[in-house]
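For reference, the chains in residue letters:
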Amino acid sequence: SNQKLDGFYKRADVKVLGMSTYWLPDGSFFLYTELGGNWQVCPRWQPVKDGTPIDLLETAKKGESPGLGMQESDQMWKEWVPSSSQWQEVQINFQEEYSDESTDAGPESAVTSGITAPQGWGFDAVPHHALQQAQQVFNQKKTIAVKEEEKVEEKQKGDEHDTVPVKEEKHGDDLWKKEEERRHEFFENLPSRFEIPPFDAEAACGTPQLWNEAKTFGWGKKSSWYFPKEVEEAKVDIQRFLNFLFLRLGRDGRPLTSLLGSPEVKPDGWFRIPWAAFDAKALPEDSPGEMAFDGKAEWQRAWHGPKLEGLYSIMYHGKLAASRNAERGERLLKNLPGVYVHKDGTMDKVLNYARFVPLCRDGVFWCTKWELQVDRADRIDRSKHGTDQWVQEERSVRLVALWVLGRTHETMEEGFEVQEAWEPALEANPESKRFAEVEQEHHAVQQNDQTENAQVGVSAQAEDQQDEAAKSAPAEEQQHQEVTARAGARFQATGQNADMLNRVLALVHDFGMDTRVEAALRLMAPHLLSDLLEIEQDFREKLQGLATPQDRINKTIWLVCETDPAVKELIEAGFEILNGQRASLA
């Protein structure tokens, strides 16, 4: 075992999403609770080659999931293993220790030993012992009491964003009475129980910043009491939710329900409601994206989890607005504006950004997610930011279907984020000044699409003329010209991204590989090359372990051709192009 992994994790004053964190004495790793209620173990800093390390504490505070170890259920954890570029399940053991002053407040620290460290992260310690601490904290029945005691202390200090207080004798009845009075006054100003809330145009002024500050809870045995069972044996009725949409009018003055198709029942209680305007056959074949190969779009399914308060505005404008300004509460990585979505493989994570809302106070909690189509050729490069989200240009995202999920007390899952109530003032007003920019961009995108379609028509005509001229050439020569032209087009596509090209050249140079490897890498479709460069560090480590330069060359070309089979046909032509270019320079 690695003795560097032994140590204590102690609770610190630093908080993430309103909850305490636990740290190693040297501050190298910390343990925190993510939005969904599960634990994560994370290094404080992420090294960046030739750059300033990324502060992952700040990343976690924004609601991202940068951890190297993640809890999946009560007894199951997974951790990232760089050597295999895969997540693996782990078995956790731990020893607990309590402080002398407060043995009833839950574990103050945990000591671990005998843990084997995975290799390749470049840190002095890895989070196996933190995983042990997380499991220990999560499994203790006192965990919730610890969190609630912290929240009560915060309320005594006047914290506006406190959550559920605990009725304990040592805090007295006064705090409990104050909370009951606050709740009574709060609910008096809300729509009546069982009423489907209409849109309040005068009060609605919701923004991401206000949504982030709304009072929420992680559903559990101790917090579920906060939501009394308004109706015994409450049942999910999708018509209630559709009536909520019916009370809101679209641009044309018709109810929002006119923008949707008929609900389809899906597994796990979901309803899928098609977006009526979406037509897969009408998706543009051409893309304005920098990652486009031969200018072609690459449409793929993706997912987005909105706040329910923002749903009206999304449907009114018919699109998702890009996150651009963190000061307004919009969640985005530094210097990476765009629409943040998840692919099919990580779609469950969208619920980390959505939340359940007791919309009508009738015993049913609602949340939504959007099914999308996104043009991956028009994506924003996020390879340096260490996120598993896709980041898209706003123009590259299309609404496909609204998915709606209702839960009751009996069916709500532990850890889901639940909002205290539906507040009409928090609903986004789609006609506010904030969305004027969105409206202007919407028209700009339409005009841009029309211009691009006209250009496509001219381009198609030119290609037809080239095809006619090529018919006169011998078949073999014509085939060679076509392959050379395709190889040249791919060189041009990858060459448009200076950072990507420089990284390819550096990789070839650092490992003494030849022009054939450079050609193979530059012949990859830009989006596949970008994906490969996202695991560049792991790839470099594998190359370092190979015995000879020829082994590295063979391995790299094999990997490239496996990732993008089209390179096999183009590599000889690409090799000739590069040699010809360098001969002319000489």
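Look up: the structure comes first, before these words.
Rules used in this analysis
Residues numbered from 1 in each chain as written. Predicted model: local features only at pLDDT ≥ 70, side-chain atom pairs only at ≥ 80, totals over all residues. Heavy atoms only, no water. Pairing = 2+ DSSP bridges. Helix = DSSP H or I, 4+ residues; strand = E, 2+ residues; numbered from the N terminus. Axes fitted to C-alpha atoms, helices over the stretch in contact; angles between N-to-C directions. Salt bridge = Lys/Arg side-chain N within 4 Å of Asp/Glu carboxyl O. Buried < 20%, exposed > 50% of the residue type's maximum accessible area, 1.4 Å probe, protein only.

Asks: Could you clarify how one ought to interpret the sheet that holds strand 10 (residues 86–90) in this entry?
Replies: The strands that make up a sheet pair up through hydrogen bonds in the backbone, lying either parallel or antiparallel. An order of 2-3-4-5-8-9-10 is seen for the seven strands of this open sheet, with the pairing classed as antiparallel. Whereas interior strands pair on both sides, the edge strands pair on one side only; in this sheet they are strand 2 (10–16) and strand 10. In this sheet, neighbouring strand axes are inclined to one another by 30° on average, regardless of whether the strands run parallel or antiparallel. Taken together, the two bridges between strand 5 (residues 39–43) and strand 8 (residues 69–71) define a ladder with antiparallel strand orientation.

Asks: Explain the pattern of salt bridges here, please?
Replies: When their charged atoms lie close together, side chains carrying opposite charge are able to pair. Applying the stated criterion to the full structure yields 23 salt bridges. When the shortest N-O distance is used, the salt bridge between Arg-355 and Glu-417 registers 3.7 Å. Placement of Arg-355 in the loop between strand 17 (339–341) and strand 18 (365–375) and of Glu-417 in strand 21 (residues 417–419) is noted, with a sequence separation of 62 residues between them. The same class applies to Arg-355 and to Glu-417, which are both buried. A salt bridge links Arg-486 to Glu-569; its shortest N-O distance comes to 3.4 Å. Of this pair, Arg-486 sits in helix 9 (residues 475–495) while Glu-569 is found in helix 15 (residues 566–585), placing the two residues 83 residues apart along the sequence. We classify Glu-569 as partly exposed; its relative accessible area is 44%. Each member of the salt-bridge network shares a partner with another, and the members are Asp-499, Arg-503, Asp-510, Glu-536 and Arg-540.

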